[in-house]
Every structure is written in C-alpha cells, then in structure tokens.
Amino acid sequence: MMINATLRSQDGILKLCFDATPWFAKASDDEILALATTGWGSSPAVDGLVRDIGSCSSQVASFLAEMELPKLPNSTGATIKVQVEEVAAGGWLVENRPALAARILAEIVEEDDHS
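Predicted, not measured: the structure shown is a model, and the values here were computed from it.

Caption draft 1: Quick look at the sheet that holds strand E2 (residues 15-19). One open sheet holds the three strands; their spatial order is E2-E1-E3, and the pairing between them is antiparallel. The open sheet has two free edges, formed respectively by E2 and strand E3 (80-84), since each of these has just one partner strand. For this sheet, the mean inter-axis angle between neighbouring strands, taken without regard to orientation, is 20°. With five bridges joining them, strand E1 (residues 4-9) and E2 adopt antiparallel strand pairing. Paired with Leu7 across the strands is Leu16, a residue of E2.

Given below as structure tokens:
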C-alpha cells in the first residue's frame, strides 16, 4: 500500500505528489503520532518527512531546490505545505503498525471528546 502525500508552495503555484511510505517505514511512533494528531500535515515531523524523502527522491529534491531559489524583491516568500493522505496512512498503519494505529485513533477520539 502506498501512502500518497503532496508538497505544495504556499502560493499554490508549485505542487508535487510523492510516495511517503518510505518515511512511514522508518519513522518513530512519536513522529507518526505527531503528524497524525496535527491533521497529517502540519507538525515538526513534516520537516523530517520532507528531508528524508528529498534525500531519496530526485523529484522531491528538485521541488525543494525550486522552493529555495532566491526570492524576488518585495516577495512574501513561499513556504512549503505538506499533506499526507489520511486514509492511505491509516490503512498502512493498520497493516504495518496496528498498535500505533489504535493509539492514534484513541488520541483523535480523546481530542474530539475535549472539543
């Protein structure tokens, strides 16, 4: 099962879809939990995901290089948004790390109860 993810520039002009499965295979439970409990896209774990995937994917590396080009004067500067496909990630976790999948589900339910 492949876990799709998307890199997108803040302005939406640049976009790249990639396979995040290799990162999930080597990420710690805490890194994946941090990603899951912040909506699968905005956590410190995303930096590790992007860095790791960039080191083994020429497409991601090229995208990251494009994002680091010098900014034009008066530019607001683009940042990178990352979004991991929640359903695919959940399915992969159920198959490969069932205890972590249960822990994530418990965390999400607990957060909903406190809302």
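Caption draft 2: Quick look at helix H2 (residues 29-36). What H2 keeps buried is the set Ile32, Leu33, Leu35 and Ala36. Seen from one end, H2 has its buried residues packed into an arc of 160°, which puts them on one side.

Caption draft 3: Up close: the packing of aromatic side chains. By the definition in use, this model includes three aromatic pairs. Where Trp23 meets Phe24, the ring centres are 5.1 Å apart and the plane angle is 85°; that geometry is what we call edge-to-face. The two residues Trp23 and Phe24 agree in class, both being buried. Between Phe24 and Trp92, the aromatic rings sit 5.9 Å apart at their centres with planes inclined by 65°, giving edge-to-face as the arrangement. Of this pair, Phe24 sits in helix H1 (residues 21-26) while Trp92 sits in helix H5 (residues 86-96), and the two are 68 residues apart along the sequence. Residue Phe24 is classed as buried on the basis of its relative accessible area, which comes to 0%. Among the aromatic residues, those joined into a ring-pair cluster are Trp23, Phe24, Trp40 and Trp92.

Rules behind the numbers
- As a convention, each chain's residues are numbered from 1 in the sequence order in which they are written.
- Given that this is a predicted model, residues contribute local features only at a pLDDT of at least 70 and side-chain atom pairs are listed and counted only at 80 or more, while totals for whole chains, interfaces and linings are drawn from all residues.
- Computation of side-chain values covers all heavy atoms of the structure but excludes hydrogens and water.
- Should DSSP find at least two bridges between two strands, the strands are regarded as paired.
- Under the DSSP-based scheme used, a helix requires at least four consecutive residues in state H or I and a strand at least two consecutive residues in state E, with every element numbered from the N terminus.
- All axes are obtained by fitting lines to C-alpha atoms, using only the stretch in contact for helices, and the reported angles, taken between N-to-C directions, cover 0 to 180 degrees.
- Three labels apply to residues, based on accessible area from a 1.4 Å probe with only protein chains included: buried if under 20% of the type maximum, exposed if over 50%, partly exposed otherwise in between.
- Along the arc lie the directions from the helix axis toward the C-beta atoms.
- In this scheme Phe, Tyr and Trp rings, the latter by its six-membered ring, pair at centre separations within 6.5 Å, and the angle between planes marks the pair as stacked below 30 degrees, edge-to-face above 60, and tilted otherwise.

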